[in-house]
Amino acid sequence: MRKNFGAKTWLYPMPVLIIGTYDEKGTPNAMNAAWGGIYDTSQVMVCLADDHKTTENIKKTGAFTVSFATANTVVPCDYVGIVSANDVPDKFARAGFHAFKSEYVNAPIIEELPMTVECKLIKFNEDGICIGEIVNISADESILDENGKVEAKKLDPIIYDSVTHAYWSFGEKVGQAFSDGKKIK
């Protein structure tokens, strides 16, 4: 038997994405955006309201970064989602984040977050969807496996549970994509 809940914004897994930008003075900013993901083969999308400082910054600089919140950065990553840079201009520093400039776009890479997608703005849709072209992905060596690839378990990204408003850490590997289904004849 099933229980009906009606129309809800419940989708699993929902990554916790930290959007990094610079303002016109070069001050780094970060916000937590749970609604986002891959838009096309070389593009990402995030849903951003017009009143966010992040939205203003992206429109001015034409660039942003997308980093993954991790299990050991829950507190600062949640903080940048509940505090607005319009009200707390130094929220990036208050979160304990440190930045260095991307080599590819005019946006910050957050040292404490080990994997970053560096993006050039393609456009903002009229409904607040920000679409960016992926120009580089950088990863700290601490999350790489012996073959030099990102290891999800070492990255330890978190997901947002919109049903209970909780963050959950990454689970165990349970299968291999594009392979396990071949077992069915």
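Attention in this report is confined to the structure presented alongside it.

What counts as what
- Throughout, a residue's number is its position along its own chain's written sequence, starting from 1.
- Local features in this predicted model are restricted to residues whose pLDDT is 70 or higher, and side-chain atom pairs enter the listing and the counts only when it is 80 or higher, whereas totals over whole chains, interfaces and linings include all residues.
- Excluded from the side-chain calculations are hydrogens and water; all other atoms, namely the structure's heavy atoms, are used.
- In DSSP terms, a helix is any run of H or I states spanning at least four residues, a strand is any run of E spanning at least two, and both are numbered starting from the N terminus.
- C-alpha atoms define the radius of gyration, and 2.2 Å times the number of residues to the power 0.38 defines the globule rule.
- When a residue's accessible area, from a 1.4 Å probe over protein chains only, is under 20% of the maximum for its type it is buried; when over 50% it is exposed; and in between it is partly exposed.
- The Shrake-Rupley method, run with a 1.4 Å probe, gives the accessible areas here. Residue values count only the displayed protein chains as cover.
- Patches draw on residues past 30% relative accessible area with no salt bridge. Two like charges within 9 Å are joined, as are two nonpolar side chains (Val, Leu, Ile, Met, Phe, Trp, Tyr) within 5 Å.
- Should a side-chain nitrogen of Lys or Arg be within 4 Å of a carboxyl oxygen of Asp or Glu, the pair is scored as a salt bridge.
- Only strands joined by at least two bridges in the DSSP assignment are considered to pair.
- Fitting a line to C-alpha atoms yields each axis, with helices limited to the stretch in contact; the angle taken between N-to-C directions then spans 0 to 180 degrees.
- Any pair of residues with heavy atoms lying within 4.5 Å of one another is described as a contacting pair.

Glancing now at the overall build of the protein. When its secondary structure is counted, the protein shows 4 helices and 12 strands. Relative to the globule expectation of 16 Å for 185 residues, the C-alpha radius of gyration of the protein, 17 Å, shows essentially globular dimensions. Summarising its shape, the C-alpha atoms of the protein cover approximately 60 × 45 × 30 Å along the three principal directions. The buried share among the 185 residues of the protein stands at 39%. A total of about 11200 Å² of accessible surface is found on the protein, and carbon and sulfur atoms cover 54% of it.

On the surface, a nonpolar cluster with roughly 390 Å² of combined accessible area is contributed by Phe5, Trp10, Tyr12 and Val163. The residue Trp10 is located in the segment before strand E1 (14-15) in this model. Note on Trp10: relative accessible area 32%, which makes it partly exposed.

Moving on, we get to the environment of Glu172. Tracing the chain through its elements places Glu172 in the segment after strand E12 (166-169). For Glu172 and Ala152, which are 20 residues apart along the polypeptide, the C-alpha to C-alpha distance reads 9.7 Å.

This paragraph deals with the sheet that holds strand E5 (residues 43-47). Strand order in the open sheet formed by 7 strands is E3-E2-E6-E9-E10-E5-E4, and the pairing between neighbours is antiparallel. Each end of this open sheet is capped by a strand with a single partner; those strands are strand E3 (28-33) and strand E4 (36-40). Taken pair by pair, the neighbouring strands of this sheet meet at an average axis angle of 35°, ignoring direction. The pairing of strand E6 (residues 63-68) with strand E9 (residues 115-124) spans 5 bridges and is antiparallel. The residue bridging Phe64 from the neighbouring strand is Cys119, located in E9. Helix H2 (residues 74-82) rests against strand E2 (17-22) and E3 of the sheet, and its axis sits at about 95° to E3.

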